[in-house]
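The primary structure of each chain is shown beneath.
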Amino acid sequence: MNDSSANKKSVLKPVHSREWLRIGIIGTDTSHAIDFTELLNNEGHPYHVQGGAVTIAYPGGSPDFGMSINRVGGFAEKLAESYGVEIVSSPEAVAERCDAILLEAVDGRVHSELFARIADYGKPVFIDKPLAVCRADAEMIAETAERAGVTVMSCSAVRFAEGIAQCLRDAAPDGIAGADCFGPMDLEPTQPGLFWYGIHTADMLYALLGKGCRSVRTASSAGHDMVVGEWGDGRLGTLRGNRAGNRKFGGTVHTKKATMYVDVYAHEKPYYASMLEQVMAMFRTGSVPVDLSETLEIIRFIEAANESRKTGRIVHL
């Protein structure tokens, strides 16, 4: 492993207008590290994302999380051998020698600490879902970003599915009166309740309804969870998490005149490719397509749904 000895204070702020960016990855313990590198570095990919390439990465890994520690080494090796990515031994080394950062660590518990270590380098950062696994850590990230003047975006790639974008366009004339979303909801002890897989469906729901949920209540069984959110304007949004049956994402959107099915698989283009296009635009311009205040509300929504999951009571946001 190689590290730079450059002093942090000497690192230049990113130039958002530059046409080609050096992208750094922090956390190679997720397949997203490979997927995003393939989209950026392989110009022959049918959905190649232009504007930069992954050039440097820090593996990381959480010893108490099997899906992290058991994959981190293999993915780091693939990045190096297949894409020529330099592997370094600290997040700081990545931040010193790149223009923008994909914080991909699969363990949401470590995002706050990792972000705190790189924020003062002034590079724009995409933090893969979940932003954090509790509201306190999520708010700490937001406060650190504001203090350092760093552009931050965090979300699930599912919210950028072409099927959701089409549904939003179709519903625009009448407005969305409510939405029902579903998806797989495996449970992972280190990522409480909905934070592991339920966050994908929560992000879908917010992509359709926007901010403004005021309370949630959850019904839970061995195979399923059902979360009902009430928005401040009276709209209802539901989230169904499945541990039995199919493992597909989808939903229905209700307008004043119709109910439309949301097919996130209707287009060949992967939703993570659509999201990465938005992330690269954010890196270049500083304009964030998913405001951090919305992401913070999603974290609070999940935290409240988890609380209701345990108590059966309505929890106010």
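Residues numbered from 1 in each chain as written. Predicted model: local features only at pLDDT ≥ 70, side-chain atom pairs only at ≥ 80, totals over all residues. Heavy atoms only, no water.

The protein goes by Gfo/Idh/MocA family oxidoreductase in an unreviewed UniProt entry, where it is assigned to Paenibacillus apiarius.

What follows concerns the overall build of the protein. In terms of regular secondary structure, the protein is built from 10 helices and 13 strands. Across its three principal directions, the C-alpha atoms of the protein cover 55 × 40 × 35 Å. Taken over 317 residues, the protein has a buried fraction of 54%. Summed over its atoms, the accessible surface of the protein is roughly 13200 Å², and 49% of this surface lies on carbon and sulfur atoms. (Helix = DSSP H or I, 4+ residues; strand = E, 2+ residues; numbered from the N terminus. Buried < 20%, exposed > 50% of the residue type's maximum accessible area, 1.4 Å probe, protein only. Areas by Shrake-Rupley, 256 points an atom, 1.4 Å probe, with all protein chains shown as cover.)

Looking now at the packing of aromatic side chains. Scanning the model with the defined rule gives 5 aromatic pairs in all. Centre to centre, the rings of Phe65 and Trp196 are 5.4 Å apart; their planes meet at 70 degrees, and the pair counts as edge-to-face. Highlighted residues: Phe65 in the loop between strand S2 (52–58) and helix H2 (66–69) and Trp196 in the loop between strand S7 (176–184) and helix H8 (198–209), separated in sequence by 131 residues. Of the two residues, Phe65 and Trp196, neither departs from the other in class, the shared state being buried. Look at Trp231 and Phe301: their rings are 6.4 Å apart centre to centre, the planes differ by 50 degrees, and that puts the pair in the tilted class. With Trp231 in strand S9 (residues 224–231) and Phe301 in helix H10 (residues 292–311), the pair connects residues that are 70 residues apart, well separated along the chain. One aromatic cluster is present, built from ring pairs that chain together Phe65, Trp196 and Tyr197. It is Arg247 that lies over the ring of Tyr197; its NZ or CZ is 5.8 Å from the centre. Directly above the aromatic system of Tyr265 lies the positively charged group of Lys248, at a separation of 4.9 Å from the ring centroid. (Phe/Tyr/Trp six-rings, centres within 6.5 Å; stacked < 30°, edge-to-face > 60°. Lys NZ or Arg CZ within 6 Å of the ring centre and 35° of its normal.)

In this section: the layout of surface pockets. Its boundaries defined by the atoms lining it, the largest pocket holds a volume of some 430 Å³. Lining the largest pocket are 23 residues, and of these Ser31, His32, Lys129, Tyr197 and His200 lie nearest its centre. Listing elements by their share of the lining of the largest pocket, those giving two or more residues are helix H1 (31–41) and helix H9 (271–285). The element best represented in the lining of the largest pocket is H1, accounting for 3 residues. Each residue belonging to the lining of the largest pocket can be placed in one class, and the counts come to 12 nonpolar, 5 polar and 6 charged. (1 Å grid on protein atoms, 1.4 Å probe; cavity = no way out; pocket = protein on both sides within 12 Å on 5 of 7 lines; lining within 4 Å. Points joined across faces, edges and corners; volume = space filled by probe spheres on them. Nonpolar A, V, L, I, M, F, W, Y, C, P; charged D, E, K, R; others polar.)

On to the packing of H1 against H9. Where H1 meets H9, the closest approach of the two axes is 11 Å, and the angle between their N-to-C directions is 70 degrees. When the axes of H1 and H9 are compared, the pair comes out roughly perpendicular. Handedness of the H1/H9 crossing: right-handed. Residue-level inspection shows Asp35, Phe36, Leu39 and Leu40 of H1 in contact with H9, the latter providing Tyr272, Ala273, Met275, Leu276 and Met280. (Axes fitted to C-alpha atoms, helices over the stretch in contact; angles between N-to-C directions. Parallel < 35°, antiparallel > 145°, perpendicular 65-115°, else oblique. Left-handed = near helix turned anticlockwise from the far one by under 90°. Contact = heavy atoms within 4.5 Å.)

We now examine the sheet that holds strand S6 (residues 152–155). Judged by pairing direction, the sheet is parallel, and its 6 strands sit side by side in the order S3-S2-S1-S4-S5-S6 without closing on themselves. Looking at strand neighbours, the two that pair on one side only are strand S3 (86–87) and S6, the edges of this open sheet. Strands strand S1 (21–26), S2, strand S4 (100–103), strand S5 (125–128) and S6 of the sheet are contacted by H9, whose axis makes an angle of about 150 degrees with S5. (Pairing = 2+ DSSP bridges.)

All right, on to the confidence of the model for the protein then. If pLDDT is low for a region, its predicted coordinates should not be looked at in detail. Residues with a pLDDT of 70 or more make up 94% of the protein, whose mean pLDDT is 94. Every residue in residues 1–17 is under pLDDT 50, and counting partners more than four places away or in other chains gives 39 contacts. (pLDDT = per-residue confidence, 0-100.)

A separate point is helix H5 (residues 111–118). Burial in H5 covers these residues: His111, Ser112, Leu114, Phe115 and Ile118. The arc that holds every buried residue of H5, seen down its axis, measures 165 degrees, which confines them to one face. (Arc of directions from axis to C-beta.)

Before going further, it helps to spend a moment on empty space enclosed by the protein. Counted under the stated rule, the structure contains 2 cavities of 30 Å³ or more. Considering only enclosed or pocket space, the largest cavity measures out at about 60 Å³ in volume. Around the largest cavity, the lining residues are Lys129, Pro130, Leu131, Ser154, Cys155, Ser156, Ile199, Asp203, Thr295, Ile298 and Ile299. When contributions to the lining of the largest cavity are tallied by element, the ones reaching two or more residues are S6, H8 and H10. At 3 residues, the largest contribution of residues to the lining of the largest cavity is made by H10. Here the lining of the largest cavity is built from residues that sort into 6 nonpolar, 3 polar and 2 charged. Approximately 30 Å³ is the volume attributed to the second largest cavity. Only H1 and H9 provide two or more residues apiece to the lining of the second largest cavity. Its residues assigned to classes, the lining of the second largest cavity shows 4 nonpolar, 3 polar and 2 charged.

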